[in-house]
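Topology and contacts: notes
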Amino acid sequence: MILFNDTEMFTSGMRGKKVYDVPDCDLLLIDNFFVKEEADEYYTTLLQETHWHEYEMPMYDKVVTAPRMVSWYGDTNRPERESNPNWPTELLEIKHRVENETQIIFNAVLLNLYRNGTDGVGWHSDKTTSTNKDMNIASVTFGETRLFRLRHKFMKHIPNIEIPLYHGSFLLMAGSSNTYWEHQVPKTARDVLPRINLTFRQVKTEK
């Protein structure tokens, strides 16, 4: 059951701004990118008003239902997801804040709803066709703190990176990050509240 007063339980990070010094990766974290009051409002609005839906994805030799719910705005060429060309006001506000910080223009966003600890996403690199060679991905989190992990695809001696993403946090994976690194949000046995994650992207549109 999803409760709309969950925001009282959410924690904002206190790490400030951090640039990670790792090879083949331009990784920037900003805790408290949205202050608690802003993050609470966005969480509640997005949770209640977003048209969330499940989708099916291939896994090995079968098709399974992804362990999370999604919504997509911007690109119309995404057959596995319903597309929403008209951005809500709240999403545009978040998008403009992200663009002002990064000086990067984004034209699409994927929203993920992790309903509880049984929802997650396995190791992967995002496959969205980018407008440039190296895809920039800007991630915003509202709701429950969940662990975000990264690992280098080829240099196995490099330790994995583990980043708890707090309520209102911002993470930018830029440059060659998506080319050389994989990431995941692991499932957890803990009793956790919902988490909403927005990943802003640069997507090629059909002419």
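Please read these numbers as outputs of a predicted model, since none were measured by experiment.

Focus on the sheet that holds strand β11 (residues 161-165)
Within the open sheet, the four strands sit side by side as β8-β13-β10-β11. Their pairing is antiparallel. Since the sheet does not close on itself, it has two edges, and those belong to β8 (121-124) and β11, each with one partner. For this sheet the average axis-to-axis angle between neighbouring strands, irrespective of direction, equals 15°.

Quick look at helix α2 (residues 89-102)
Taking 1.5 Å of rise per residue, the 14 residues of α2 would be expected to cover 20 Å, and the 20 Å separating its terminal C-alpha atoms lies within 8% of that figure. Within α2, the full set of buried residues consists of L91, I94, K95, V98, E99 and T102. Each buried residue of α2 sits inside an arc of 135° when the element is viewed along its axis, so together they form one side. The exposed set on the far side of α2, more than 90 degrees from its buried face, consists of T89 and N100. Turning to α2, the residues buried within the fold contact α1 (36-49), β5 (69-73), β7 (108-114), β9 (137-143), β12 (170-174) and β14 (195-201).

Quick word on the pattern of salt bridges
Throughout the structure, instances matching the rule amount to nine salt bridges. Between E162 and R149 there is a salt bridge, with its nearest N and O atoms 3.1 Å apart. Of this pair, E162 sits in strand β11 while R149 sits in strand β10 (residues 146-152), placing them 13 residues apart in sequence. Accessibility expressed as a relative area gives 26% for R149, which makes it partly exposed. Salt bridges linked by common partners bring E54, R115 and D119 together as one network.

Here's the deal with the packing of α1 against α2
Their axes nearest at 11 Å, the elements α1 and α2 cross at an angle of 135°. The angle between α1 and α2 places the two elements in the oblique class. α2 is crossed by α1, and the crossing has left-handed handedness. Side by side, α1 and α2 meet where E38, Y42, T45 and L46 of the first sit next to E90, L91, E93, I94 and R97 of the second.

What counts and what doesn't
- Residues numbered from 1 in each chain as written.
- Predicted model: local features only at pLDDT ≥ 70, side-chain atom pairs only at ≥ 80, totals over all residues.
- Heavy atoms only, no water.
- Pairing = 2+ DSSP bridges.
- Helix = DSSP H or I, 4+ residues; strand = E, 2+ residues; numbered from the N terminus.
- Axes fitted to C-alpha atoms, helices over the stretch in contact; angles between N-to-C directions.
- Expected span 1.5 Å × (residues − 1).
- Buried < 20%, exposed > 50% of the residue type's maximum accessible area, 1.4 Å probe, protein only.
- Arc of directions from axis to C-beta.
- Contact = heavy atoms within 4.5 Å.
- Salt bridge = Lys/Arg side-chain N within 4 Å of Asp/Glu carboxyl O.
- Parallel < 35°, antiparallel > 145°, perpendicular 65-115°, else oblique.
- Left-handed = near helix turned anticlockwise from the far one by under 90°.

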